[in-house]
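# Structural description and commentary
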Amino acid sequence: MSLTPNRRLVVVVLLVPLVVTLALWAFAWPAARTAPRDLPVGIAGTAPAADQLQQRFEERDGAFDVHRYDSEAAARDAIEDRTVYGAVVVTAKGPELLTASAGSTVVAQLLREAVTTGAPAGTAVPVTDVVAAPAADPRGAVLGSSILPLAIAGVAAGAAVTVLRLRGARAAVALLGVAVMVGLLATAVTDSWLGALTGDWWSEAGTIALTVLAIGAPVAGLAALLGTPGIGIGALLMVLLGNPFSGVTSAPELLPRPIAVIGQLLPPGAAGSALRSVAFFDGAAAAVPALTLGVWAVLGLGAVLVGGRRGTAADTTAPASAREPALAG
């Protein structure tokens, strides 16, 4: 049923402020409530000094998830495997801090402040950056700002497939083609040109391509099943919610609950975690976020194919007068 002009006016007046309010909430609330929540950190050393340090961390109820290690080497391995964000090594000379600014510059600074504040007055705490952010992007700004353009690229691909009336296999091929091209071009910019990503080039390109497909395919799939409103639903899910819930500019463990969990289940959050792993940690801990992206891509492509079959069936059963334009005479 088509809406009258007056009803369309009411819809616009109510809908636009509602979307703006939702966007403001999605972006502002996580930023205003940034704090460590079960943030994985390590402690290496022998009792009782290590026990006392662990107790100080645990006094901040729910802020840190403490992992104990027997040696500095074990703590370094845990950081490189992305089991913890950093570790404090208790030595005879005092505490030493191991960080990974490539994992999160925000967390690295947070740990530095926490350990320095807790150290005895006048004690200098040596800091070693085990997995450092690249010299070309020491603050990790490039990776943090890359997820939103990739989300927009995915939504644009899904919308273009819908607007151009590509269905079924053609739509799937178009989405795959866009994803591959964006993966190659984006990696050329962020890795080859800017030097902000320093991992295996093809792994980075594959992760970016999978990200665009995991966003674009669901958008196109929703549109194939629901019509044009599916594009809006997909954009809302991927951009207005997925991007601010991703935690890519800080860390998922710094976001309020349950946003941290929801964010990692959406493609932008999974993409941030997967890309960080392949770019700086040799793929450590990339399996789960890559699987999440793969599930979204498969479900989206499945919806595209199902929607294409439904559209073809509708065209086949439509009256001839509707399928074939009358000859002008």
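The structure this text deals with has already been given above.
To keep things clear, this report deals only with the structure shown in the data block. (Residues numbered from 1 in each chain as written. Predicted model: local features only at pLDDT ≥ 70, side-chain atom pairs only at ≥ 80, totals over all residues. Heavy atoms only, no water.)

## Comments concerning helix α4 (residues 105-118)
Rules: The numbering of helices and of strands both runs from the N terminus, where a helix is a DSSP run of H or I of at least 4 residues and a strand a run of E of at least 2. Helix span, expected: 1.5 Å multiplied by one less than the number of residues in the helix. The buried label goes to any residue with under 20% of its type's maximum accessible area, the exposed label to any with over 50%, and the partly exposed label to all in between, with areas taken from a 1.4 Å probe on protein chains only. Working note: the arc is built from the helix axis to C-beta atom directions. Contacts are assigned to residue pairs that have any heavy atoms within 4.5 Å of one another.
Across its 14 residues, α4 extends 20 Å between first and last C-alpha, which sits within 8% of the 20 Å expected from 1.5 Å per residue. For α4, the full list of buried residues reads Val107, Ala108, Leu110, Leu111 and Val115. Down the axis of α4, the smallest arc covering the buried residues is 160°, so these residues share one side. Buried-residue contacts for α4 involve β1 (39-44), α2 (49-59), β2 (64-69), β3 (87-91) and β4 (94-99).

## A closer look at the pattern of salt bridges
Stated precisely, the cut-off is as follows: Only one rule defines a salt bridge in this text: a Lys or Arg side-chain nitrogen within 4 Å of an Asp or Glu carboxyl oxygen.
Under the defined criterion, the tally for this structure stands at three salt bridges. The salt bridge partner of Asp38 is Arg257, with a shortest N-O separation of 2.5 Å. Pair noted here: Asp38 is in the loop between α1 (5-32) and β1 and Arg257 is in the loop between α8 (229-241) and α9 (259-265), with a separation of 219 residues, a long-range link. Glu72 serves as the salt-bridge partner of Arg76, at 3.1 Å between the closest nitrogen and oxygen. Of the two residues, Arg76 and Glu72 are both situated in helix α3 (residues 72-80); the distance of four residues between them amounts to about one turn of the helix. Under the relative-accessibility criterion, Arg76 is labelled partly exposed at 27%.

## Considerations on a nonpolar patch on the surface
Note the threshold: Like charges are joined within 9 Å and nonpolar side chains (Val, Leu, Ile, Met, Phe, Trp, Tyr) within 5 Å, but only among residues with over 30% relative accessible area and no salt bridge; these make up the patches. Areas reported here follow the Shrake-Rupley algorithm with a probe of radius 1.4 Å; residue values treat only the protein chains shown as occluding.
A grouping of Leu3, Val11, Leu15, Leu18 and Val19 is seen on the molecular surface, where their side chains present a nonpolar patch of about 410 Å² in accessible area. When you line up the elements, Leu18 lands in helix α1. A relative accessible area of 57% means that Leu18 is categorised as exposed.

## Observations regarding helix α5 (residues 141-163)
The periodicity of an α-helix, 3.6 residues per turn, causes residues three or four positions apart to be oriented the same way. In this model, α5 (23 residues) spans 34 Å end to end at C-alpha, consistent with the 33 Å of a helix rising 1.5 Å per residue. Following α5 by one or two positions, Arg165 adopts a phi angle in the positive range, close to 60°.

## Thoughts on the sheet that holds strand β5 (residues 127-129)
What counts here: One requirement defines pairing of two strands: DSSP has to find at least two bridges between them. Only the stretch in contact is used when fitting a helix axis, every axis being a line fitted to C-alpha atoms; angles between N-to-C directions are given from 0 to 180 degrees.
The five strands are arranged β2-β1-β3-β4-β5 in an open sheet whose pairing can be described as mixed. With one partner strand each, in any of the chains shown, β2 and β5 form the two edges of the open sheet. Pairs of neighbouring strands in the sheet enclose a mean axial angle of 25°, with direction left out of account. Pairing analysis gives five bridges linking β3 to β4, with the strands arranged antiparallel. Following the sheet pairing, Val89 is matched in β4 by Glu96. Across the sheet, α3 lies against β1, β2, β3, β4 and β5, angled at about 25° from β4, the strand it touches most. Its contacts with the sheet place α4 against β1, β2, β3, β4 and β5, and it is angled at close to 175° to β4.

## A closer look at the pairing of β3
Taking burial as the measure, the five residues of β3 include four buried ones, the bulk of the element. Where β1 meets β3, three bridges bridge the pair, whose relative direction is parallel. Its bridge partner being in β3, Ala44 is matched across the sheet by Val89. Hairpin remark: β3 followed by β4, antiparallel, with two residues in the connecting loop.

## Some points on the environment of Thr198
Cut-off, in case you're wondering: The definition of a polar contact used here is a pair of N or O atoms within 3.5 Å, where within protein one atom must be able to donate a hydrogen and the other to accept one, and adjacent residues in sequence count solely through side-chain atom pairs.
With respect to the helices, strands and loops of the structure, Thr198 is situated in the loop between α6 (168-193) and α7 (201-226). Note: C-alpha distance between Thr198 and Phe281 (83 residues apart in sequence) is 9.5 Å. Contact partners of Thr198, with chain neighbours within four places excluded, come to Pro134, Asp191, Glu204, Ala279 and Phe280. Among the polar contacts made by the side chain of Thr198, one reaches the main-chain carbonyl oxygen of Ala279 at a distance of 3.3 Å.

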